[in-house]
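The chain contents come next:
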Amino acid sequence: MQNVNSWRSVAAATGRADRAAAEAGVRRAYRTAGLAEPDRIIWAASPRAAVETVEKLADAGRSVREEVRTRPWAEERRRMYDELGPAGWSALWSATGAQLWETTGALAERIRTGVVADLAPRPEDEGAVRLVLLDAVLGQHDAAWLAAFDGRGDRLTGLAEVARNAGWWWPYEHAAVISERPDVLHRDEAGRLDHGEGPALAYGDGFALHAWRGMPVPAAFLAELPSLTPERIRSEENAELRRVMLEYYGYDRYLSESGAEPVHRDETGILWRIALDGDEDVVMVEVVNSTPEPDGTYRTYWLRVPPATRTAKDGVAWTFGLDGAAYAPVRQT
């Protein structure tokens, strides 16, 4: 677990790269691949800036990503698979890389998408940018698979050194381009990009991604959130953005301030429904905890339930995986 946690920290690292250590890792990766060390190592402030730098490189030669990253990884994986067997390899991957794969993969894809959006405003320009991105080694965002091989041989040591000390990098015959790590990274408990008060991911040169619970949103949209009103929420035509507005504003606050009426009440609570144009209804059950707080008050909870829910009891039962007829609590807590 300690190994996985150290690589989780690598994937989430922010702040200035250790350039000397990263450059030493690049040179080692070339030597391990049987290649001459690059004549030049060029630094860029972000993956976006790195793509721009690569596009302007002269006399860099062909990409050597295959030799430096792809082939060593494949051969080490085969070696470990043969050594451990199918069950042993599966157990190793489950205990290491699998725990980081989804979140690091999603983050890398969001960065790619952001770079393409910034550098290729016209669809016909996207191909050239994507081709450069295919040459990238993901540095810190290769943490998932590097975790699986950590301490099990020296062949990937150079790649691991770069990952621990820098961001994405591009290896060519005569030159390598390395990106700095982000300055800012905000994620939710599920590992998704998430920040309501500025960029969720930002680099020193201004390249940034804005997101709310994993969903990409415009920067101007986030700036508007603190001044939301029920009227503004209702007027938003984009269903996904309207859902973000509701989450930020609070369903209970929206219900109380928009003059909504309950659609059903019974001994379990009160059922509320918010009808939204172009989207499914938001249905909530308002319940009061039967156990008092230390100060003697009773806390109110709002539970979101499926749109088809028709009674408060059905909604509360659904949160326990039951239907209304089967829900009969002996004691409420």
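Structure: see above.
Residues numbered from 1 in each chain as written. Predicted model: local features only at pLDDT ≥ 70, side-chain atom pairs only at ≥ 80, totals over all residues. Heavy atoms only, no water.

Looking only at helices and strands, the chain features 13 helices and 12 strands. In terms of its C-alpha atoms, the chain occupies a principal-axis envelope of roughly 75 × 50 × 40 Å. Considering only residue pairs separated by 6 or more positions, the chain has 60% of its internal contacts joining residues 24 or more positions apart. For the chain, the accessible surface area stands at approximately 16700 Å², while carbon and sulfur atoms represent 50% of it. For the chain, the distance from the average site of its 39 positive side-chain charges to the average site of its 52 negative ones is 4 Å. (Helix = DSSP H or I, 4+ residues; strand = E, 2+ residues; numbered from the N terminus. Contact = heavy atoms within 4.5 Å. Areas by Shrake-Rupley, 256 points an atom, 1.4 Å probe, with all protein chains shown as cover. Lys, Arg positive; Asp, Glu negative; His and termini not counted. Charge placed at Lys NZ, Arg CZ, Asp CG, Glu CD.)

Below, the discussion takes up the environment of Asp279. You can see Asp279 is positioned in the loop between strand S10 (269-274) and strand S11 (282-288). Expressed as a C-alpha distance, the spacing of Asp279 and Arg19, which sit 260 residues apart in the sequence, is 49 Å. Asp279 has contacts with Ala239, Arg242 and Arg243, leaving out every residue within four places of it along the chain. For Asp279, the side chain forms a polar contact with the side chain of Arg243, separated by 2.7 Å. (Polar contact = N/O pair within 3.5 Å; in protein donor to acceptor, adjacent residues only side chain to side chain.)

Right, let's get into the sheet that holds S11. One open sheet holds the 4 strands; their spatial order is S9-S10-S11-S12, and the pairing between them is antiparallel. In this open sheet, the two edge strands, each paired with only one partner strand, are strand S9 (262-266) and strand S12 (300-305). Within the sheet, the average angular offset between the axes of one strand and its neighbour, ignoring direction, is 20°. Judged from the 4 bridges that link them, S9 and S10 form a sheet pairing that is antiparallel. Each bridged residue has a counterpart across the sheet, and for His264 the counterpart in S10 is Leu271. (Pairing = 2+ DSSP bridges. Axes fitted to C-alpha atoms, helices over the stretch in contact; angles between N-to-C directions.)

What follows covers helix H13 (residues 312-319). Because an α-helix completes one turn every 3.6 residues, residues spaced three or four positions apart along the sequence face the same direction. Regarding H13, the residues found buried are Ala312, Gly315, Val316 and Ala317. After H13 finishes, the residue Gly321 shows a positive phi value of roughly 75°. (Buried < 20%, exposed > 50% of the residue type's maximum accessible area, 1.4 Å probe, protein only.)

Turning to the pattern of salt bridges, a few remarks are in order. Tallied over the entire structure, the rule returns 28 salt bridges. One salt bridge in this structure joins Glu247 and Arg213, with 3.3 Å as the shortest N-O distance. In this pair, Glu247 is assigned in helix H11 (residues 239-249) and Arg213 in the loop between strand S7 (211-212) and strand S8 (215-216), connecting sequence segments 34 residues apart. Since its relative accessible area comes to 39%, Arg213 is described here as partly exposed. Through salt bridges with shared partners, one network takes in Glu23, Arg27, Arg31 and Glu37. (Salt bridge = Lys/Arg side-chain N within 4 Å of Asp/Glu carboxyl O.)

The buried count for strand S3 (residues 175-179) comes to 5 of 5 residues, which makes it a mostly enclosed element. Burial of S3 is two-sided: the residues Ala175, Val177 and Ser179 facing one way and the residues Ala176 and Ile178 facing the other way are all buried. Where strand S1 (residues 40-44) lies against S3, 5 bridges are found, and the strand directions are parallel. Bridge assignment links Trp43 to a residue of S3, and that residue is Ile178. One ladder, built from 3 bridges, connects strand S2 (residues 169-171) with S3; its direction is antiparallel. Paired with Pro171 across the two strands is Ala176, which belongs to S3. Between the antiparallel neighbours S2 and S3 lie 3 residues.

Moving on to the packing of helix H4 (residues 65-95) against helix H5 (residues 98-119). Axis separation between H4 and H5 bottoms out at 5 Å; the angle between their running directions is 55°. Taken together, H4 and H5 sit at an angle that is classed as oblique. The residues of H5 that touch H4, namely those facing Trp93, Ser94 and Ala95, are Ala98, Gln99 and Trp101. Class assignment for the residues of the contact of H4 with H5 results in 4 nonpolar, 2 polar and no charged. (Parallel < 35°, antiparallel > 145°, perpendicular 65-115°, else oblique. Nonpolar A, V, L, I, M, F, W, Y, C, P; charged D, E, K, R; others polar.)

Another aspect to go through is the side chain of Glu236. Position of Glu236 among the secondary structure elements: in the loop between helix H10 (230-235) and H11. Polar contacts involving the side chain of Glu236 include one to the side chain of Arg232, which spans 3.0 Å. The contacts of Glu236, once residues within four sequence positions are left out, are Leu241, Arg242 and Met245.

Glancing now at the packing of helix H3 (residues 47-56) against H5. At a minimum axis distance of 9 Å, the contact between H3 and H5 shows a crossing angle of 55°. For the element pair H3 / H5, the angle class is oblique. Between H3 and H5 lies a crossing of right-handed hand. When H3 is examined against H5, the residues Pro47, Arg48, Val51 and Glu52 are found in contact with a partner set consisting of Ile111, Val115, Asp118 and Leu119. Classifying every residue of the contact of H3 with H5 by side-chain character gives 5 nonpolar, no polar and 3 charged. (Left-handed = near helix turned anticlockwise from the far one by under 90°.)

Overall, mixed pairing links the 3 strands, which are arranged S1-S3-S2 in an open sheet. Edge positions in the open sheet fall to S1 and S2, since each of these has one partner strand only. Going across the sheet, the axis of each strand differs from the next one's by a mean of 15°, ignoring polarity.

Nothing here speaks to function; it is all geometry.
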